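Structural description and commentary
Okay, here's what each chain looks like letter by letter:
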Amino acid sequence: MVSITRIKSNKVCGGQLKKFSFESSTLSYNAAQKAHLYPALAEHGIACIFPDTSPRDVACEGDKADWAFGEGAGYYVNATDERYRKHYRMWDFLAQELKQVMLNFAELDMTKISVMGHSMGGHGALLLAIHFPTHFRSVSTFAAMAHMTASGPGLNAYKKFFGPAEKHTHEWRFFDATLALEDSKGTDKIAPCLMDQGNQDDFYLSEDLLPESFVKSASSTGYSTSTLHSPSPAELEQHLEDATRGSVTLVMRDGYDHSYFYVSTFAAEHIKFHAKFLKAK
């Protein structure tokens, strides 16, 4: 069990938002403050963990120069390039170390876990769901970077973290949700998946997110897929009533962008989706 130190605690919606530090062997507060998750979390009695996105102050080459690379975006990968491999092991952090940290909290039921994320966090959530399909009850994303090797930021980051794609095929495919899903054919299917995307998102419009590519990959891999356009909360809930392992639903939101204004608008619908599976026996 990893030793932790509490830094700060804030009361919210009848519960507590607690911030901890710990000494990481692999190693934003944005979602915790801006996503407006707490009313729905409190209503359904769900705990939420907000892991960091990148190692901090490790002085790697160029990791503070670009908001889309390094400290600004670690992309939850294990880097293989010599410049970054020591510190940029965020996949190990998510997939192994974080669970050990969570064991400090006896009130958490570690048999009932779901995963969700926004943007780069959505990329991380999809990767976890694909590579550990039986560990999660459900998965959801907001504006996920769903096809990293076909996006501008993804190409830039992966060339630095791994080197050329032709020489590092495994890493480029393993850490791309669309390609990893293709490669998972014949294995356990991922948990019920809800993907959310605003159609006025600048990153979506510049084809840096590509949720349709993920849905196409899911369909070709034997998943049940569907796309909804600006459904009401009741319409979405009814549609998701039949969601099962191996189903992917993409919801397109008319007029919404990439911001936390968008995320906070639909956060309660996502928490309700997860609650259905987390509370199931």
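Below is a short write-up of the structure. Here the structure is a predicted model, which is why all the values come from computation and not from measurement.

A separate point is the overall build of the protein. Helix and strand counts for the protein come out as 11 helices and seven strands. Expected size for 281 residues packed as a compact globule is a radius of gyration near 19 Å; at 18 Å, the protein falls within 12% of this value. For the protein, the spread of C-alpha atoms along the three principal axes comes to 50 × 45 × 35 Å. A burial count over the protein gives 49% of its 281 residues as buried. Separation of charge centres in the protein, based on 28 positive and 33 negative side chains, amounts to 7 Å.

Our next topic: the state of the cysteines. For the coordinates displayed, the defined rule picks out zero disulfides. Of all cysteine sulfurs in the structure, the one in Cys 48 sits closest to Cys 193, which takes part in no disulfide; the separation is 17 Å.

Tracing the chain through its elements places Ser 217 in helix H9 (residues 211-220). For Ser 217, a relative accessible area of 2% corresponds to the buried category. Within the structure, Ser 217 has its side chain in polar contact with the backbone oxygen of Thr 178 (distance 2.9 Å). The residues touching Ser 217, leaving out its near neighbours within four places in the chain, are Thr 178, Leu 181 and Glu 182.

Turning to the layout of surface pockets, a few remarks are in order. What the second largest pocket holds in volume is close to 260 Å³. Ranked by the residues each element gives to the lining of the second largest pocket, the list is headed by helix H11 (residues 260-278), at five residues.

Quick look at the pattern of salt bridges now. On inspection of all chains with the given rule, the structure shows eight salt bridges. Of the charged contacts, one joins Arg 83 and Asp 81 as a salt bridge, the two residues approaching to 2.9 Å between their closest N and O atoms. With relative accessibility at 36%, the residue Arg 83 sits in the partly exposed group. For Asp 81, a relative accessible area of 19% gives the class buried. In this structure, Arg 89 and Asp 92 form a salt bridge, with 3.5 Å as the shortest nitrogen-oxygen distance. According to the relative accessible area criterion, Arg 89 is partly exposed, its value standing at 26%. Via salt bridges that share partners, Arg 173, Glu 182 and Asp 183 belong to a single interconnected network.

Here we come to the packing of helix H10 (residues 233-240) against H11. The geometry of H10 relative to H11 is characterised by a closest axis approach of 11 Å and an angle of 25° between their N-to-C directions. Relative to H11, the element H10 is oriented roughly parallel. Relative to H11, H10 is oriented so that their crossing is right-handed. Facing Pro 233, Leu 236, Glu 237 and Leu 240 of H10, the residues of H11 in contact are Glu 269, Lys 272, Phe 273 and Lys 276. Its residues assigned to classes, the contact of H10 with H11 comprises four nonpolar, no polar and four charged.

Parameters at a glance
- Residues numbered from 1 in each chain as written.
- Predicted model: local features only at pLDDT ≥ 70, side-chain atom pairs only at ≥ 80, totals over all residues.
- Heavy atoms only, no water.
- Helix = DSSP H or I, 4+ residues; strand = E, 2+ residues; numbered from the N terminus.
- Rg over C-alpha atoms; globule rule 2.2 N^0.38 Å.
- Buried < 20%, exposed > 50% of the residue type's maximum accessible area, 1.4 Å probe, protein only.
- Lys, Arg positive; Asp, Glu negative; His and termini not counted.
- Charge placed at Lys NZ, Arg CZ, Asp CG, Glu CD.
- Disulfide = S-S within 2.5 Å.
- Polar contact = N/O pair within 3.5 Å; in protein donor to acceptor, adjacent residues only side chain to side chain.
- Contact = heavy atoms within 4.5 Å.
- 1 Å grid on protein atoms, 1.4 Å probe; cavity = no way out; pocket = protein on both sides within 12 Å on 5 of 7 lines; lining within 4 Å.
- Points joined across faces, edges and corners; volume = space filled by probe spheres on them.
- Salt bridge = Lys/Arg side-chain N within 4 Å of Asp/Glu carboxyl O.
- Axes fitted to C-alpha atoms, helices over the stretch in contact; angles between N-to-C directions.
- Parallel < 35°, antiparallel > 145°, perpendicular 65-115°, else oblique.
- Left-handed = near helix turned anticlockwise from the far one by under 90°.
- Nonpolar A, V, L, I, M, F, W, Y, C, P; charged D, E, K, R; others polar.

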